[in-house]
Amino acid sequence: MTETTRLLRDLVALPSVNPMGRPLQGDHLYEHRVSAYLEHFFRGLGVPCERQTIAPQRDNVVARWESPGANKTLLLEVHQDTVPIDGMTIDPFGAKIENGRLYGRGACDIKGGMAAMLAAFARLVREKPRGAMNVILACTVDEEFTFLGVQRLVRDGVRADFAVVAEPTQMHIVNAHKGAVRWHLTTTGRSCHSSNPDLGINAIYRMGQILPLIARYADKLKASRIDPLLGPATLSVGRIEGGTSVNTVPDSCRIEIDRRVLPGEDTSTVPDDLAQFLRKELREEVPFECSKPWLSSSALSPAGSDDIVARLGTVIDAVRGSHRVMAVPYGTDASKIAQAGIPAIVFGPGDIAQAHTRDEWVAVDEVEQASEILYRLAASGN
């Protein structure tokens, strides 16, 4: 078994589930097991390693390798957390290899990419290729929910000439993606016993008046804000809750809104834009409130990434023969890194269609190839 495959197996066997705001319980939660493994790995290589505490049992782990005479620095960034394991049809932490695939939660998103980065980093440290770039390998937490880890990384002033962020891209290069803003909208009413509902004000009925208007706003958004690479901005209501019991008129109803933003859009104005539309369109007084966003993540623009796209593309072609440069609708840590002034792109083994699935897997040969590509990229020098 190669070092890359061993790393992949070890990482998948270590639970690092992000509860994603849900009241989950169990010893499989949070990233601390992976963080401890990473620190031990980097200490074994003899490189400087820093832990940045984000929350209890949740630490970024950042390692650095200095190449003699280098004047450029490459940031490799990958998240430690996975989504929950609900409904999985395989052992989520079994790390079983079968027919060239390794199965388990996080195998595709994104421990395959992490194993590739770790193996490439270790090879650089051991072989010390002449003329290589300095490399920072940052393993962050909470990418799957609120991006707390990467926000801390950039707030602490990480510096590099360009960055590669690990996500499953089928070994192609992603240079643009949408951002996301998520918040709650709440309607209120007055509760009473359901035997005499006229004594109360039904907050769910009030929300029923608002939802068709939100659907109309979403249609308007798709038709009016379109990016040539990423397509339209979108909005979706993904969750609704309200009431306390069937025999009580509800005094509150709340929905959760997901808005995908395009490069150039100001995420801070997104909830207010919807609120203004609703107030204008409502035919009668329907009180509602929009919360402050609990997630605000900007889009990734291709601007400024030409150099790293060309460098990585040349290496991919040498290893695999060809590659594509593309835009995707999902979000990643790359947009936060780019906002900090570091040109960033996304690359890694696996297919996003396999991420978060009931039988999640990654092709072992792709992980091996990704490691070779990242090593050559860093070794390609200044």
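Above this note sits the structure.
Okay, so let's go over this structure. Only a predicted model underlies this, so the values are computations on that prediction, with no experimental measurement involved. In every chain, residue numbers begin from 1 and rise along the written sequence. Local features in this predicted model are restricted to residues whose pLDDT is 70 or higher, and side-chain atom pairs enter the listing and the counts only when it is 80 or higher, whereas totals over whole chains, interfaces and linings include all residues. The basis for the side-chain values is all heavy atoms of the structure; hydrogens and waters are excluded.

### Some details on the pattern of salt bridges
Cut-off, in case you're wondering: In the sections that follow, a salt bridge refers to a side-chain nitrogen of Lys or Arg positioned within 4 Å of a carboxyl oxygen of Asp or Glu. The numbering of helices and of strands both runs from the N terminus, where a helix is a DSSP run of H or I of at least 4 residues and a strand a run of E of at least 2. Exposed residues in this analysis have more than 50% of their type's maximum accessible area, buried residues have under 20%, and partly exposed residues fall in between, with area computed by a 1.4 Å probe over protein chains only.
Under the counting rule described, the total for this entry stands at 27 salt bridges. Salt-bridge contacts for R58 lead to D142; the nearest nitrogen and oxygen are separated by 3.6 Å. Remark: D142 occurs in the loop between β6 (134–140) and α4 (148–155) and R58 occurs in strand β2 (residues 58–65); sequence separation between them is 84 residues. Of the two residues, R58 and D142, both sit in the buried class. One salt bridge connects E98 with K96, and the closest N-O pair in it is separated by 3.1 Å. Note on E98: relative accessible area 35%, which makes it partly exposed.

### Section: the environment of D351
This is how the line gets drawn: What makes two residues a contact is simply this: any of their non-hydrogen atoms within 4.5 Å. Pairing of N or O atoms within 3.5 Å defines a polar contact, subject to two protein rules: one partner must be a possible hydrogen donor and the other a possible acceptor, and residues neighboring in sequence count only if both atoms are side-chain atoms.
For D351, the location among the structural elements is in the loop between β17 (344–347) and β18 (361–363). Judged by relative accessible area, which is 28%, D351 ranks as partly exposed. Separated by 283 residues in the primary sequence, D351 and P68 place their C-alpha atoms 36 Å from one another. D351 has contacts with C108, P168 and Q170, leaving out every residue within four places of it along the chain. A polar contact is formed between the side chain of D351 and the backbone nitrogen of A353, at a distance of 2.9 Å.

### So, the packing of aromatic side chains
Put simply, the rule is: Stacked, tilted and edge-to-face pairs are distinguished by plane angle, under 30 degrees for stacked and over 60 for edge-to-face with tilted covering the rest, among Phe, Tyr and Trp rings (Trp via its six-membered ring) whose centres lie within 6.5 Å. Only Lys NZ and Arg CZ are tested; either one counts as a charge over a ring when it is within 6 Å of the ring centre and within 35 degrees of the ring normal.
Counted under the stated rule, the structure contains four aromatic pairs. Cluster of aromatic residues (ring-pair linked, three or more members): F41, F42 and F121. Against the face of Y375 rests R123, its NZ or CZ located 3.7 Å from the ring centre. A cation over a ring is seen here: K336 above F147, with NZ or CZ 3.6 Å from the ring centre.

### Overview of the packing of helix α1 (residues 3–13) against helix α3 (residues 107–127)
Just so we agree on the cut-off: Helix axes use the C-alpha atoms of the stretch in contact, all axes being lines fitted to C-alpha atoms, and the angles between their N-to-C directions lie in the range 0 to 180 degrees. By the definition adopted for this analysis, an angle is roughly parallel if under 35 degrees, roughly antiparallel if over 145, roughly perpendicular if from 65 to 115, and oblique otherwise. Crossing handedness follows the turn of the near helix against the far one: under a right angle anticlockwise gives a left-handed crossing, and clockwise gives a right-handed one. For this scheme, ten residues count as nonpolar: Ala, Val, Leu, Ile, Met, Phe, Trp, Tyr, Cys and Pro. Four count as charged, namely Asp, Glu, Lys and Arg, and the remainder, Gly too, count as polar.
Orientation of α1 relative to α3, taken along the N-to-C sense of each, is 135°, at an axis distance of 8 Å. Relative to α3, α1 is oriented oblique. The two elements α1 and α3 meet at a crossing, and its hand is right-handed. On the side of α1, the interface is formed by E3, T4, L7, L8, L11 and V12, while α3 contributes A107, K111, G112, M114, A115, A116, L118, A119, A122 and R126. When the residues that make up the contact of α1 with α3 are grouped by side-chain class, the tally is 11 nonpolar, two polar and three charged.

### Some points on the packing of α3 against helix α9 (residues 364–379)
Their axes nearest at 8 Å, the elements α3 and α9 cross at an angle of 45°. Accordingly, the angle class assigned to the pair α3 and α9 is oblique. α9 is crossed by α3, and the crossing has right-handed handedness. For the pair α3 and α9, the contacting residues are G112, A115, A116, M117, A119, A120, R123, L124 and E127 in the first and V367, A370, S371, E372, L374, Y375, A378 and A379 in the second. Taken together, the residues of the contact of α3 with α9 break down into 12 nonpolar, two polar and three charged.

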